Amino acid sequence: MVKRYLSVISLAEARALVESSFSAVPGIARIPVTIDAVGRITAEPIFARFSVPAIHLSAMDGIAVRSADTVGASEQNPVTLPDAARVNTGNIVPPGYDAVIMIEDVWVGSKPDGETYTVRKPVSPWQHIRPVGEDIGESEMILPRGHRIRPHDLGALANYGVTEVAVINLRAGLIPTGSELVPAGEMPPPGKVVESNTLMAASVLAEAGVEAHRYGIVPDDYEMIREAVRRGVAENEILFVSAGSSAGTRDYTADIIRDLGEVLAHGVAIKPGKPVIIGRIEGKPVIGLPGYPLAAATVLREIVMPLVARYGLFVREPERVAARLTTSLHSDIGTDEFVLLSAGRIGDRWVAVPQSRGAGVQMSAVRANGYMQIPSQKEGAEAGESVDVCLTVPRAEAEEAVLVTGSHDPALDHLADLVRPRGVDVHSTHVGSMGGVIALKKQECHAAPMHLLAPDGTYNTHYLERYLPGADLVLLCVAERQQGVISRDGIGFEDLPGRTFVNRQRGSGTRILLDHHLAERGIDPGLIPGYEREVTTHLAVALAVRTGEVDAGTGVYSAAKALDLAFVPVATERYELAMHREMLDDPRIAALIETVSSDAFKKVLRDLGGYETAGTGVLRELRG
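Presented here is an overview of the structure given in this document. Because the structure is a prediction, the values reported are computed rather than measured.

1. Things to note about helix H2 (residues 151-159)
Every α-helical turn comprises 3.6 residues, leaving residues that sit three or four positions apart pointing alike.
Here is step 1: Among all positions in H2, only Asp153, Leu154 and Leu157 are buried. Buried residues of H2, seen end-on, are gathered within an arc of 105° and therefore sit on one face of the element. In this structure, H2 carries Pro151 and His152 as exposed residues pointing more than 90 degrees from its buried face.
Here is step 2: Among the residues trailing H2, glycine 161 stands out with phi positive, at a value near 90°.

2. Observations regarding the packing of helix H4 (residues 222-235) against helix H5 (residues 253-260)
Here is step 1: Where H4 meets H5, the closest approach of the two axes is 10 Å, and the angle between their N-to-C directions is 55°. By the angle between their axes, H4 is oblique relative to H5. Where H4 crosses over H5, the two elements pack in a sense that is right-handed. Where H4 approaches H5, its residues Tyr222, Ile225, Arg226, Val229 and Arg230 are matched on the opposing element by Asp255, Ile256, Asp259 and Leu260.
Here is step 2: In the contact of H4 with H5, the residues fall into 5 nonpolar, no polar and 4 charged.

3. A closer look at the side chain of serine 428
Here is step 1: Among the secondary structure elements, serine 428 is positioned in strand E30 (residues 425-430).
Here is step 2: For serine 428, a relative accessible area of 15% corresponds to the buried category.
Here is step 3: With residues near it in sequence (within four places) discarded, serine 428 still touches Val404 and Leu412.

4. Structural notes on the nonpolar core
Here is step 1: Counting residues in hydrophobic clusters, the biggest one holds 49 residues, and the most contacted among them are Leu440, Leu464, Leu577 and Met579.
Here is step 2: Here this core gathers at least three residues from each of two domains, domain 4 (320-393) and domain 5 (425-622).
Here is step 3: Counting residues in hydrophobic clusters, the runner-up holds 44 residues, among them Leu170, Ala201, Leu294 and Ala368.

5. Let's talk about the pairing of strand E22 (residues 320-325)
Here is step 1: One ladder, built from 5 bridges, connects E22 with strand E28 (residues 386-391); its direction is antiparallel. Bridge assignment links arginine 320 to a residue of E28, and that residue is cysteine 390.

6. Notes on helix H15 (residues 587-596)
Here is step 1: Within H15, 7 of the 10 residues are buried, which leaves it mostly tucked inside the rest of the structure.
Here is step 2: Regarding H15, the residues found buried are Arg588, Ile589, Ala591, Leu592, Ile593, Thr595 and Val596.

7. As for the packing of helix H9 (residues 410-419) against H15
Here is step 1: Close contact between H9 and H15 brings their axes to 10 Å; oriented N to C, the two are set at 115°. One finds that H9 runs roughly perpendicular with respect to H15. Judged by the twist between their axes, the crossing of H9 over H15 is right-handed. In this structure, H9 contributes Leu415, Leu418 and Val419 to the contact, and H15 contributes Ala591, Leu592, Thr595 and Val596.
Here is step 2: Looking at the contact of H9 with H15 residue by residue, the class counts come to 6 nonpolar, 1 polar and no charged.

Here is what the cut-offs are and how they apply
- Residues numbered from 1 in each chain as written.
- Predicted model: local features only at pLDDT ≥ 70, side-chain atom pairs only at ≥ 80, totals over all residues.
- Heavy atoms only, no water.
- Buried < 20%, exposed > 50% of the residue type's maximum accessible area, 1.4 Å probe, protein only.
- Helix = DSSP H or I, 4+ residues; strand = E, 2+ residues; numbered from the N terminus.
- Arc of directions from axis to C-beta.
- Axes fitted to C-alpha atoms, helices over the stretch in contact; angles between N-to-C directions.
- Parallel < 35°, antiparallel > 145°, perpendicular 65-115°, else oblique.
- Left-handed = near helix turned anticlockwise from the far one by under 90°.
- Contact = heavy atoms within 4.5 Å.
- Nonpolar A, V, L, I, M, F, W, Y, C, P; charged D, E, K, R; others polar.
- Core = buried A, V, L, I, M, F, W, Y, C linked by side-chain atoms within 4.5 Å.
- Domains from an automatic or database assignment.
- Pairing = 2+ DSSP bridges.

So this is what it looks like as structure tokens:
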């Protein structure tokens, strides 16, 4: 029975359906032995065309002898050989000789017709000789079928006379659909988006050795998509249709697959990725990928790659670490949810910070270095719980991660760029200054960026002493920076009542600064339309202003400058990274501190604008 969308099947059922519905018999291609063969999977055993070495060779510089002529030789009874031949390493051993003596073990004399050779110990047959086929014999197997060719395999194949190899060849076609799509490299006009899903999917498939072919964008036209699918099935072993798998009026993929073949399932209880289609045309898998990037990536990883592995291709299993989850996550019963994470090692334990769970937020995947699964039978995961993190990078790279949790500032991205060559991978999570203080208290981050204004006019120490009493802390000054009102037409603080506004989240230093100045001036927040609307970064504030969604917002000067907006300063504040003192012993933190103090970083701050660097790199101590 055809499963239609919203009559979803479980992830386990989807995997079982895929396994039982397709034979997964790959094609075979013969390719030359070049660097392009590295990573490919052998489809047949490969045999040596000739022996190596092909003839007996000397393994030493010395003389070739008949071992029988050396019998009885000793220090007391040296033997002068009746016959011998000088050879060097790699020379052919002349016929009739069955051993080589190193030249330093031979006493060389002379006679009228040549040299004499005297030895003082016997040698055994085949001493210091590389016999025919010592490395490999003619017709001996070099590699079995199903072997992933490595660089040193490639050299051996060439050395043993192999010029081409039979490898598993799986062709996959990817068809992007949607009238709203424009090709990569073009600036999309309003209402259009860049087609990137098939680029990502092709890369995932190619990493496993799939020959992925991306077709041109097909607009939302039933007949055009149908013809593209018909052609794609004819030219490939697996076909992917990107977008058009949901329940919208122009989502034709399921109907077209049903027209040309059969829909096995439409809808799988995974998040993100629910609208996936599993179809079959002419016995071949046809997969309808959701249009949202993270949804498509989840379908590829959880449903498609197990199928690719059944064809005999190499699908890398992720390394796993047990990590402490920093934030509680709710999930719907009956759905397997996959959450992207930034994982880092703090001391002797791992910590996992969830990224945004929006299916369309590609930057979550860029920022993440792992993911976790919330099984369908669970309602979520609690903060502090130990979770199984599947790393999307090598473990050694994940161990370079430095978790920076707290206030956002554009300079953090530039800091991450400057420190990366030193083996430090900064992962920033923007939860506001107070969120950073709480993360620091729970030891769930390496550093907490903050700019919290106290009632006495000081920055940061008041809150650290209040929320982390007795803790030994240090504060690294990033810069003193200008905060103010960002607008298109120079709105000042006194002009905010009646003007549409976008705010930073509660607990952020910018929000605290705003509320402080509103109270100081006696301005009622209720008079500012949009005061309750919250975003998590200064750039988000600036973007809302530039697009005309709002008249104004508060943020740093560098964000206003980046988008060419007006800026009216309100205050200069101290932006610092708070850390536990013990972090100073961590080489990653030492590299971070040195980078903050560097002339290169100070130049970045000056170029961004709105920063004073006199205190940049200064460490303050806060002893418990």
